[in-house]
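Report on the structure
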Amino acid sequence: MSRPHDNTALARCALQALRTAALLLPGLVPGAAQAASADDQLNLQFSRYEEGQRDLGGVPQGIAPLTADTLRLSGSKPLGESNGLRFSFSQDTWSGATPIATAPLAAQPNRAVLRDSPNGVIASGASPYLNASLTLDAQGRPLVQDQSGALRTDTRDVLVLSEASPELRQQLDLGLSTELGAFDGVLGLSYSTEPDYVGRGVNAGISRDFNRQLTTLSFNASFSEGLISARLDHDALPYLERGAWQAALVRDATTERFFAKRHDQRVELGLTQVIDASSYLEAALGYGEGGGYLGNPYKAVSVLFSAPAVAGGTRRGELRALLERRPDTQQQAQLDLHYARALPFADGALHLNYQYSQDSWDLRAHSMELRWVQPLGAWTFTPHLRGYAQSEAEFYTAHLVSDQAWRRDYDAALLPAHYSSDHRLASFGSVNGGLTVSRRFTNGVRLEGSVGLYRRRADWGRGGDDSSFADFRFTQFNLGLQLDLAARSANGTAMNAMHHAGHEDGDTHQAMPLVPAGLSFVHARHAPGALAFGYQVRNQRQGGQLHDGDHTLDDATVVAQGCGDALCRFAPASMAMQMHMFMLTYQWRENLSLMLMPQYMSMDMDLRPLAGRPPPQLGEHVHGPGGHHTGSIGDTVVAATWQPPTSPWQWTLGLSLPTGSVDLEYRRQNRVDGGLMHFDMQSGSGTWDLLPALTWQGGAGAWQLGAQVNGVARFGQRNDSGYRLGDRWQASAWTAHPVTSWLAGSLRLTHTWQGTVDGDFSAYNARLGPMDYPFNQGGRYTDLGLGLGMNLPGGQQLALEWEEPLQDDPHGIQLERVGQWSLSWHLGF
Amino acid sequence: MKRPMSLLLLLALASLATSCAQVQPWERGVLARDSMALDPTPLQSPLREHVYQSREAGPAGRLGASGAGCGCY
């Protein structure tokens, strides 16, 4: 390559611009093997997935459609000039209706759940039941009686729905990229955990630029393994035939667990080629192998067992459900093509992606996606449209007919070797489209939102059995915040200017007052127009003994006194509440800042049976060992803080919007509704609440001093579930002292008053134990907080605090508090 | 995929490297635009691919897009 040499300022400027552009090109390498250098970036996203209602052949679905909330924190950080670190943490919570099988509609596998209503008995929902006797014709097709009493064939199938209780999944991915001579290399690790699955993975990739950086070749490889420990649906046990899987099943007190392993390995060869000054092509060939248990332990296949008919007459069929059986190996090849072309106007670009895959299960899938990226000033609009079509797996079937009479020791040799009714293996197609809108702000802040609609239809597939009974739609919303830390560092920050008044170096590690991590509504004042971002996570734990403030209580006392006039049956063994709060602060005026604080909540509770509890009654919610998890977006706080420039006082008034949930329920078991979960397991208050706070900050020599009074005043009506949480007031006083030039320690004393719950659940709650009664909520608590805080380069502050309970005076009977840790991070833009 | 087809495709792609225009460094400004990035919506893609993976049998994205984990809702 010839290098221009010119000493004029113009040439230097042009050369600099061109070098910048050229340096960006090594980033044109595929997926996992991104360039060794990494952007200094932090991203935060929230996503919601919502399915529509399924068609159950006239039976109301009853169960709420499946929804999934995802919280994702990701980022990258350069490590020197030639290394980079990438990470992402995501947390999914999902619940709602999920298909477990397909069955002939004639078998009525979704039994109506009947309820009394002012208009008489109505069908309020459906409960799966795959056990029926049917009349079949000679070909094994179900026969039903029409209105005249005549028999006619009914070949319609229907999905069988069950209910997924709230499940929590967390995944962590780490990647390290580095330059290896002329190559760029990347090494990645991933780990995920959920109640029934633990996944571990490792991937590595290498890439190299050729042809004056117009061509990039890459090679990637990955290996992952999964450990499955599925708790089989309690309701399914009475009818689910699983004799063929005895080696994988382990019984516990109330159900059976299915244990298995799987592993997957993949390799990929990629090529990126610049075609001309405004287009490039990316291509990759991938090959993967999977082994072990590749099925889904929650999916069943319905089988009509029937002895062959004599002389073409009708015959009886017994419908039973077997756990699905897929091959224990899968080989898959895929081709990815991506063509990008710049548009000749307004910096826009078109991206066309095509993917083809084919596997040893005879699944062939095509997808084509078009994205149009159009910047308009600080805004970028990206509409996309995607089409997808797949053929069916060779062992997919809506249901099976086996020419043998039903016996528990049926002849497996008369069944196919492999069978699955998972509608994801059927022939179908889909169309989805949507729009992504992002807005870039000064100093490297970008907000992004998107909405996408998806529709599945069987007749858009590539041939095979009709699976139109499984057609559905879903909607996906995403909201993201991207912080470009490099851009922020380059521009300097208004926060530094305000914070470090009197200091020549805006990045000095001194003088920023330490705010204990567990406090809210204390923030630094910035220059008007500045943005600040903060993140706070609190983890509050309860465990140990039940007590009433004066004494720990034995089980017999809790049974007799913990549940009012009723007798308690269960008690919490442990409880953990985790709150993620994100703080976006805008300094509107010199004296006035505005805050937006969305929250994401997740809760875990383990229950234990109380000794001496009364025997279970018919229709009672059945509990086994283990716990429950919930999680979803919590309430959202908007607030304003007023602070004159020289005043040590901050006056804050916030409003909590009821965006959290107060209707989270246990899943139905034994055709018995689980009802609403405990007060502490709901992710919101369900009411509009006022949040006043008054904070004073001062100092005496090297000692920093502070005090705050804050509250939650619930002035609204009771929430949609019939209750209103108690008011809460808290007084804190703290002091902090530097330990080193960049590290400080803090000591905080806190006293909290929390009122009891007003009202009670207006919908069914199982009343399992003390935690389900309003009078066992709230109390007075005193805590001692020990904290550390450090000022990081660029005006960042990181703080950690542990709060140790000193005194508990709970209302009624509650579990002892173990303590609370908090982590906070603040960054000004 | 049939092997001859794959080989043919590889050859065709490899030939791109020699048949494409020699774009000089000072002509690469358009290619360096944000809108021309390999993934112009990097915040959205992992979330979308995760949903595709849970609802379709195809591979839903490139290698390493989903990492370990089931998420089989």
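As the structure is a computational prediction, the values presented were derived from the model and not from experiment.

Right, let's get into the environment of A:V818. Structurally, the position occupied by A:V818 is in strand β42 (residues 814–828). Along the chain, A:V818 and A:S520 lie 298 residues apart, while their C-alpha atoms are 21 Å from each other.

As a further point, take the interface of chain B and chain A. Listed as interface residues are 54 residues of chain B and, on the opposing side, 102 residues of chain A. Taken together, both faces of the contact between chain B and chain A bury some 6600 Å²; the carbon and sulfur share is 62%. Counting every contact that joins chain B to chain A gives four salt bridges. The shortest N-O distance in the salt bridge between A:E51 and B:R55 comes to 2.7 Å.

Another point: the confidence of the model for chain B. Counting all residues, the mean pLDDT for chain B is 75, and 59% of those residues have values of 70 or more. Segment residues 64–69 of chain B is flagged for pLDDT under 50; beyond a separation of four residues in sequence, or across chains, it makes 18 contacts in the model.

Attention shifts here to the pattern of salt bridges. All names here are of chain A. For the structure shown, the criterion picks out 37 salt bridges over all chains. The partner of E51 in a salt bridge is R54, and the shortest N-O contact between them spans 3.0 Å. Accessibility expressed as a relative area gives 7% for E51, which makes it buried. Across the salt bridge formed by R457 and D459, the nearest N and O atoms sit 2.7 Å from each other. Each of E324, R326, D422 and R424 takes part in salt bridges that share partners, so that together they form one network.

For the rest of this paragraph, the subject is the state of the cysteines. Residues and elements named next belong to chain A. Tallying each qualifying case throughout the model produces one disulfide over all chains. Across the disulfide from C563 sits C568; the S-S distance is 1.9 Å. On the S-S bond that ties C563 to C568, the torsion sits near 110 degrees, and the link is right-handed. The exposure class of C568 is buried, given its relative accessible area of 0%.

Rules behind the numbers
Residues numbered from 1 in each chain as written. Chains lettered and ligands numbered in written order. Predicted model: local features only at pLDDT ≥ 70, side-chain atom pairs only at ≥ 80, totals over all residues. Heavy atoms only, no water. Helix = DSSP H or I, 4+ residues; strand = E, 2+ residues; numbered from the N terminus. Contact = heavy atoms within 4.5 Å. Buried area = accessible area lost by both parts, 1.4 Å probe. Salt bridge = Lys/Arg side-chain N within 4 Å of Asp/Glu carboxyl O. pLDDT = per-residue confidence, 0-100. Buried < 20%, exposed > 50% of the residue type's maximum accessible area, 1.4 Å probe, protein only. Disulfide = S-S within 2.5 Å.

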